Amino acid sequence: MQRLVLILLSTAALAARAELPERLSQTGLGGAGVRAFEPRFALWSDGAAKRRWIALPPGTQVDASQPDAWRFPVGTRLWKEFSVDGRPVETRHFRLAADGRWEMASYVWDGADAARAPARGQSLMLPGGRRYDVPSVGDCMACHAGARSPVLGFAALQLGPAVSALLREGLLKDAPASWARQGPDFAAAGPAEHAARGYLHANCGHCHFEGGVPVPLRLALDVGRPPAPLEADQAAALLRRAGTRNPYQQMPPLGTREVDAQGLALLAHHFNPENPRP
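Residues numbered from 1 in each chain as written. Predicted model: local features only at pLDDT ≥ 70, side-chain atom pairs only at ≥ 80, totals over all residues. Heavy atoms only, no water.

Draft legend 1. Structural context of the overall build of the protein. Looking only at helices and strands, the protein features seven helices and ten strands. Expected size for 278 residues packed as a compact globule is a radius of gyration near 19 Å; at 19 Å, the protein falls within 12% of this value. Across its three principal directions, the C-alpha atoms of the protein cover 50 × 50 × 40 Å. In the protein, once contacts between residues fewer than 6 apart in sequence are set aside, the share between residues at least 24 apart is 55%. Counting only carbon and sulfur atoms, one obtains 55% of the accessible surface of the protein, whose full area is about 14,400 Å². Separation of charge centres in the protein, based on 31 positive and 26 negative side chains, amounts to 2 Å. (Helix = DSSP H or I, 4+ residues; strand = E, 2+ residues; numbered from the N terminus. Rg over C-alpha atoms; globule rule 2.2 N^0.38 Å. Contact = heavy atoms within 4.5 Å. Areas by Shrake-Rupley, 256 points an atom, 1.4 Å probe, with all protein chains shown as cover. Lys, Arg positive; Asp, Glu negative; His and termini not counted. Charge placed at Lys NZ, Arg CZ, Asp CG, Glu CD.)

Draft legend 2. Inspection of the packing of aromatic side chains at higher detail. As enumerated under the stated definition, the model contains seven aromatic pairs in all. Geometrically, the ring pair formed by Phe94 and Trp102 is tilted, given 6.4 Å between the ring centres and 55° between the ring planes. Of the residues examined, Trp102 reaches a relative accessible area of 13% and is grouped as buried. One aromatic cluster is present, formed by Phe37, Trp70, Phe72, Phe94, Trp102, Phe154 and Trp179 through successive ring pairs. (Phe/Tyr/Trp six-rings, centres within 6.5 Å; stacked < 30°, edge-to-face > 60°. Buried < 20%, exposed > 50% of the residue type's maximum accessible area, 1.4 Å probe, protein only.)

Draft legend 3. Representation of the nonpolar core within the structure. Core analysis: the biggest nonpolar cluster contains 30 residues, and Trp70, Phe72, Leu78, Trp102 and Phe154 have the highest contact counts within it. Elements supplying a minimum of two residues to this core: strand S5 (87-96), strand S6 (102-109), helix H2 (137-144), helix H3 (156-159) and helix H4 (162-168). Once residues lying within four places of it in the same chain are set aside, the contact partners of Phe72 are Ile54, Leu56, Val62, Leu96, Trp102, Ser149, Val151 and Phe154. With eleven residues, the next largest nonpolar core counts Tyr199, Cys204, Leu217 and Leu239 among its residues. (Core = buried A, V, L, I, M, F, W, Y, C linked by side-chain atoms within 4.5 Å.)

Draft legend 4. Looking closely at the side chain of Ser164. Within the element layout of this structure, Ser164 appears in helix H4. Accessibility expressed as a relative area gives 6% for Ser164, which makes it buried. Of the polar contacts made by the side chain of Ser164, one reaches the backbone oxygen of Trp179; its length is 2.6 Å. The residues touching Ser164, leaving out its near neighbours within four places in the chain, are Trp179, Ala180, Arg181, Gln182 and Gly183. (Polar contact = N/O pair within 3.5 Å; in protein donor to acceptor, adjacent residues only side chain to side chain.)

Draft legend 5. Quick peek at H2. Among all positions in H2, only Val137, Gly138, Cys140, Met141 and His144 are buried. An end-on view of H2 places all buried positions within 155° of arc, on one side of the element. (Arc of directions from axis to C-beta.)

Draft legend 6. Representation of the confidence of the model for the protein. The predicted model of the protein averages 92 in pLDDT, with 94% of residues at 70 or higher. Counting interchain partners and residues more than four positions distant, the pLDDT-below-50 stretch residues 1-18 has 18 contacts. (pLDDT = per-residue confidence, 0-100.)

Draft legend 7. Expanded view of the sheet that holds strand S1 (residues 34-37). Pairing is antiparallel across the open sheet formed by six strands, whose spatial order is S1-S2-S4-S5-S6-S7. Lying at the two open borders of the sheet, with one neighbouring strand each, are S1 and strand S7 (114-116). Between one strand and the next, the sheet's axes are offset by a mean angle of 25°, whatever the strand orientation. Where S1 meets strand S2 (residues 49-55), four bridges bridge the pair, whose relative direction is antiparallel. Residue pairing across strands places Arg35 opposite Ile54, the latter belonging to S2. (Pairing = 2+ DSSP bridges. Axes fitted to C-alpha atoms, helices over the stretch in contact; angles between N-to-C directions.)

Draft legend 8. How the structure looks around the pairing of S5. Bridge count for strand S4 (residues 77-84) against S5 is eight bridges, and the pairing is antiparallel. Among the inter-strand pairings, Leu78 is bridged to a residue of S5, identified as Phe94. Between S4 and S5, which pair antiparallel in sequence order, lie two residues; one of them, Asp85, sits at a positive phi of approximately 55°. Hairpin connection between S5 and S6: a loop of five residues separates the two successive antiparallel strands, and Gly100 in this loop has a positive phi of roughly 90°.

Draft legend 9. Local environment of helix H6 (residues 232-242). Every buried residue belonging to H6 is among Gln234, Ala235, Leu238, Leu239 and Ala242, and all of these are buried. Seen end-on, H6 carries its buried residues on one side only, within an arc spanning 135°. Projecting away from the buried face of H6 at angles above 90 degrees are the exposed residues Ala232, Asp233 and Arg240. Against helix H5 (191-203) and helix H7 (261-271) lie the buried residues of H6.

Draft legend 10. Layout of the environment of Leu29. Its location among the elements puts Leu29 in the loop between helix H1 (2-17) and S1. The class of Leu29 is partly exposed, set by a relative accessible area of 26%. It is 31 Å that separates the C-alpha atoms of Leu29 and Ala195, two residues lying 166 residues apart in sequence. In this structure, Leu29 is in contact with Leu24, Val34, Trp53 and Trp79, ignoring residues within four places of it in sequence.

So this is what it looks like as structure tokens:
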């Protein structure tokens, strides 16, 4: 049944994809109303550098009435650029269509512009012999469609202190009144715990939240709620799966071929404080 659901999601995504432009330059990136943003906690992408942008239709606002699941107006566009060794390789583009579907496509750079990648994905060989995988539309849907909000990086806890400025600009509506004075955050005993819990939120929380994948592991952070504790065996399993790239065991399951050594060390110290800090 789960496989059937993924196939149906992928089919819907492929139909939506045909409506997106063939070239990145035709998507509006760099035009009026496009603004850059940066999440506080990075999703590991095998060391690729990333830049992100969002554009809301003029006069619209993001609905923040559900603090952990923002809702975006029709016509919202987002872009995420991946660069390796200082050169852009891929830019992913999301657009919210009038029927409420998120249209998704990846664009592969070929000079001054980028061309839309095949729906099935694409494997690139970069200078130096490094392999780079452009995700399929189905892969994009697997991570984004099941999250609390399909937009993972432009969110309350990911933006934190920047949220107050968004409120002053009138870009959010129905947000908690306290955000006007101080952006949303979560409790942590110190900087190391804050970084570790933020890492889990960014790399695991889009699947492992209350109501997400059916396993007893809650790694997403919630506005105004203390982080969920993990049992020792759960922490050990998490470290084991984060530390392998066996395709049947690795976590995250998609989008990475290399272990994040620094992130793994951060988590190891968090769960076992006697371990050296990264």
